Amino acid sequence: MPIGCDRNVLVFFVNGVRHEVGGRGAFLSLARYLREQASLPGTKIVCAEGDCGACTVLVSRLVSGKWTPLTTVNSCISPLYLFDSCMVVTVEGLSEQSHLSEIQDKMLDHHGAQCGYCTPGIVCSLAHLAETSQAKGIRIDRKRAQNYLTGNLCRCTGYDPILKAAENIDLMQWRPLGLRYLTDERTDYCQYLASQTVLVTAGNRRAWLPTQVGQALAIKSASPHIRLVAGATDLGVLHNKGRQYLDEVLVLNRISELSEVRRVDDGVIIGATASLSEVEDVVESSHFELARLLRVFASPQIKHQGTLVGNLVNASPIADTIPALLVMEARLGIKSAAGSRWVELKHFYQDYKKFDLRPGEVVTEVFIPNLPEGAVARFYKASMRKDLDISSVTFAGVLQVKGGRIVSAKIALGGVGPIVRRLPNVEKELTGKEFSENSLVRAGDLAIQSVHPIDDVRASANYRRLVAKNFFKKYFVETAVELNQ
Ligand SMILES: Cc1cc2nc3c(=O)[nH]c(=O)nc-3n(C[C@H](O)[C@H](O)[C@H](O)COP(=O)(O)OP(=O)(O)OC[C@H]3O[C@@H](n4cnc5c(N)ncnc54)[C@H](O)[C@@H]3O)c2cc1C
Ligand code: FES
Ligand code: FES
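Residues numbered from 1 in each chain as written. Chains lettered and ligands numbered in written order. Predicted model: local features only at pLDDT ≥ 70, side-chain atom pairs only at ≥ 80, totals over all residues. Heavy atoms only, no water.

A. The overall build of the protein chain, seen in detail. For the protein chain, the helix and strand inventory stands at 18 helices and 22 strands. For 485 residues, the compact-globule estimate of 2.2 N^0.38 gives 23 Å, and the C-alpha radius of gyration of the protein chain, at 23 Å, lies within 12% of that figure. When the backbone C-alpha atoms are referred to their principal axes, the protein chain occupies close to 70 × 60 × 45 Å. When each of the 485 residues of the protein chain is scored for burial, the buried share is 58%. Across the protein chain, every contact between residues at least 6 apart in sequence was considered, and the portion connecting residues at least 24 apart equals 65%. With the model as given, the accessible surface of the protein chain reaches about 20,700 Å², and the carbon-plus-sulfur share is 49%. (Helix = DSSP H or I, 4+ residues; strand = E, 2+ residues; numbered from the N terminus. Rg over C-alpha atoms; globule rule 2.2 N^0.38 Å. Buried < 20%, exposed > 50% of the residue type's maximum accessible area, 1.4 Å probe, protein only. Contact = heavy atoms within 4.5 Å. Areas by Shrake-Rupley, 256 points an atom, 1.4 Å probe, with all protein chains shown as cover.)

So, in C-alpha cells, the structure goes:
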C-alpha cells in the first residue's frame with residue numbers, strides 16, 4: 001500500500017472548541033499542551049508518571065464511527081498525537097455558563113479540597129463516575145466511588161470528605177457531557193477527521209497516524225525501527241523520565257480494526273488497541289480470573305488507555321497479564337508487509353526485553369483460548385499495596401484434576417528472573433500426583449529452585465522466593481473444594 005498523508009496537523013476538540021496543532025506542539029504531552037498552549041491550567045501536573053491523577057481529563061474517541069463513552073486518562077503521560085479527532089473534556093469544561101457542576105458543588109459542600117492541587121483530577125474522575133452511573137442506572141455508593149478514585153491521590157484533605165461528596169452527587173442534576181459536547185455536527189466533522197491519515201513532523205521528529213492496518217504495515221516496512229505506540233502508558237513514562245525519546249512514532253490507536261474484541265467459539269480475540277478496561281469488561285463472562293486480575297491492575301485512567309498487547313510486548317518480567325496469558329496458552333497474531341503469522345506466547349519471550357518480533361512486524365491481536373473443561377485458574381500478584389502498584393512477584397496456575405489426581409498442570413511465575421516463565425519441570429512434577437496440599441507445597445519448593453530472583457528496591461530475592469512458594473499453597477487452599485468435587 002502506498003504511504004500518503006491527508007493532513008500534517010492534529011485536529012481535536014477540547015471542551016467543544018476546535019484545536020489545530022502542528023510541529024513541536026504535537027509532541028507535547030496533553031497536560032502540557034492544555035496548560036502551556038491552550039490556556040487551560042485547571043489540569044495539574046504533579047508526578048508526570050501516571051501515578052497521582054492530578055492531570056486526569058476525560059476523553060471520547062471515534063471507533064468505527066461511534067463515540068466511545070467519555071472516560072478518564074492521565075494527560076501527563078499521553079502525547080498529544082494520541083488525541084487526533086477526539087473530544088477532550090477538562091475540569092474547565094464541567095461547569096456550565098459559569099455555574100459549577102453538581103460534582104464541584106458537592107465537593108464544596110463536603111469540604112472535599114484543601115490545597116486543591118489534586119481536586120481537578122478528582123472532580124474529573126467523579127465526573128466519569130457520574131456519567132457511567134447515570135448511563136447504567138447504578139446508584140453511587142462508597143465502594144464504587146473508591147474504585148473510580150483508585151488513580152487519584154490526595155495528600156492533604158483525607159478521603160472521607162471526598163467520598164462523602166461522591167455519595168451525595170445527585171444524578172438528576174448531572175447533565176451528560178455527551179449531550180453537551182458530542183453534537184451531530186462535531187460527530188460528522190470528527191468522522192471526516194478520523195478517516196484521514198496524518199503525518200506530523202518537527203525537526204527530526206515525526207508521528208504517523210494511519211487509519212488502516214495496511215498503511216501501518218507499509219510505514220513499518222519502510223522504517224522498521226519506528227516506535228509503535230498504543231496507549232503510551234509505558235512509553236509516556238519512559239519519555240517523561242528521559243529514558244526513551246519518542247521521536248519517530250507510528251500511532252496505532254486510530255486504526256478501528258485493531259480495536260475489536262470478539263468472542264469466538266473457542267476463546268476471545270483481542271485487538272492490539274483494545275484498552276485494558278474494554279478487555280476487563282469482555283472477559284468477565286468468559287475468563288473470570290483474568291477479569292479479577294485486571295481489577296487490581298493499575299488505575300481506571302491507565303486501563304482506559306493502556307492495552308493488553310502493550311503489556312505483553314513491553315515484556316516486563318513483572319507485567320501482570322503475562323503469567324496469566326502464558327498458562328491460558330494465548331497466541332499473538334503478528335503481521336508485516338510480507339505476511340502474517342501466529343506465535344504462541346510461551347515461545348515469544350527470549351531474554352530480558354528480547355522477544356520474537358522482527359523489525360517490520362506489528363502485533364495485531366491476541367487470541368486467548370477458553371480454559372479446558374474442569375480446569376481451574378488462579379492468578380496472583382504480590383505488591384506493596386493492593387491498588388495501583390507494581391508487582392514484586394506474580395503467579396498463574398491452571399490445574400485439571402480427575403479422581404483426586406492432577407491430570408494437567410500449567411504454572412508460570414513472574415518477578416523471579418529476567419522474563420516471566422512457564423515452569424515445565426514443576427508442571428511435570430505435579431502431573432499424575434494426588435491433588436493435595438503436600439503436592440502443591442513440594443511443587444513450590446521445586447519452583448523456587450528453578451528461578452533466579454534479584455534484590456531490588458521493590459523486594460529482596462529471599463522475599464520473592466518465599467512469596468512464590470506460598471502462592472502454590474494459596475492455590476491449593478483456594479481451589480481445594482472446587483477441584484476435589
Ligand atoms: C501508573 C501506572 C501503573 C501501572 N500499573 C501496571 C500494573 O498494575 N500492572 C502492569 O502489568 N503494568 C502496569 N503499568 C504498565 C502499563 O500500563 C502496561 O504495561 C500497559 O498495558 C501498556 O500498554 P500501552 O498500550 O500503554 O503500551 P505502550 O506504552 O503504547 O507500548 C508498550 C510497548 O509495547 C510496544 N507495542 C505496543 N503496541 C504494540 C503492537 N501492537 N505491536 C508491537 N509492539 C507494540 C511499544 O512499542 C512499546 O515498546 C502501569 C503503568 C503506569 C504508568
Ligand atoms: S501528574 Fe500525576 S498522574 Fe499525571
Ligand atoms: S487537596 Fe491537597 S492534595 Fe488533595
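B. The arrangement of the environment of N370 in detail. By secondary structure assignment, the location of N370 is in the loop between strand 18 (362-369) and strand 19 (376-382). Taking the C-alpha atoms as reference points, N370 and A230, 140 residues apart in sequence, are found 26 Å from one another. Look past the residues within four positions of N370 in its chain and what remains in contact with it is R263, D265, D266, G267 and H287. One polar contact links the side chain of N370 to the main-chain carbonyl oxygen of D265, over a distance of 3.0 Å. (Polar contact = N/O pair within 3.5 Å; in protein donor to acceptor, adjacent residues only side chain to side chain.)

C. Molecular detail of the pattern of salt bridges. Considering all chains together, one arrives at 34 salt bridges under this definition. The closest approach of N and O atoms between R292 and E289, which form a salt bridge, is 2.7 Å. In this pair, R292 and E289 both sit in helix 11 (residues 288-295), 3 residues apart, roughly one turn of the helix. As a salt-bridge pair, E437 and K473 come within 3.7 Å of each other at their nearest N and O atoms. Pair noted here: E437 is in helix 17 (residues 437-449) and K473 is in helix 18 (residues 461-483), with a separation of 36 residues, a long-range link. Residue classification places E437 among the partly exposed residues on the basis of a relative accessible area of 34%. Exposure remark for K473: the relative accessible area of 39% places this residue in the partly exposed category. Because the salt bridges share partners, they merge into one network encompassing E289, R292, R378, K474, E478 and E482. (Salt bridge = Lys/Arg side-chain N within 4 Å of Asp/Glu carboxyl O.)

D. Quick look at the sheet that holds strand 12 (residues 261-264). Across the sheet, 5 strands lie side by side as 12-13-18-14-15; this open sheet has antiparallel pairing. The strands lining the two open edges of the sheet, one partner per strand, are strand 12 and strand 15 (339-344). Taken pair by pair, the neighbouring strands of this sheet meet at an average axis angle of 20°, ignoring direction. The pairing of strand 14 (residues 331-336) with strand 18 spans 5 bridges and is classified as antiparallel. Directly across from K335, in strand 18, lies its bridge partner V362. (Pairing = 2+ DSSP bridges. Axes fitted to C-alpha atoms, helices over the stretch in contact; angles between N-to-C directions.)

E. Inspection of the packing of helix 17 against helix 18 at higher detail. Where helix 17 contacts helix 18, the axes come no closer than 8 Å and their chain directions differ by 155°. With respect to helix 18, the element helix 17 is oriented roughly antiparallel. When you trace helix 17 past helix 18, the crossing you get is right-handed. Here E437, L440, V441, A443, G444, D445, A447 and I448 of helix 17 lie close against helix 18, whose contacting residues are R465, A468, K469, F472, K473, Y475 and F476. (Parallel < 35°, antiparallel > 145°, perpendicular 65-115°, else oblique. Left-handed = near helix turned anticlockwise from the far one by under 90°.)

F. Main features of the site of ligand 1. The environment of ligand 1 is made up of 34 residues, and the closest members are L228, T233, D234, T307 and V363. The backbone of A230 places a nitrogen or oxygen atom 2.9 Å from an oxygen atom of ligand 1. K381 is positioned such that a nitrogen or oxygen atom in its side chain is 3.2 Å from an oxygen atom of ligand 1. When the free accessible area of ligand 1 is taken as 990 Å², the share hidden by the protein chains comes to 93%. Counting only elements with at least two residues in the shell around ligand 1, the list comes to strand 10 (227-229), helix 9 (235-240), helix 13 (308-314) and strand 18. Ranked by residues supplied to the shell around ligand 1, first place goes to helix 13 with 5 residues. For the shell around ligand 1, the per-class residue count stands at 19 nonpolar, 8 polar and 7 charged. (Near = heavy atom within 4 Å. Nonpolar A, V, L, I, M, F, W, Y, C, P; charged D, E, K, R; others polar.)

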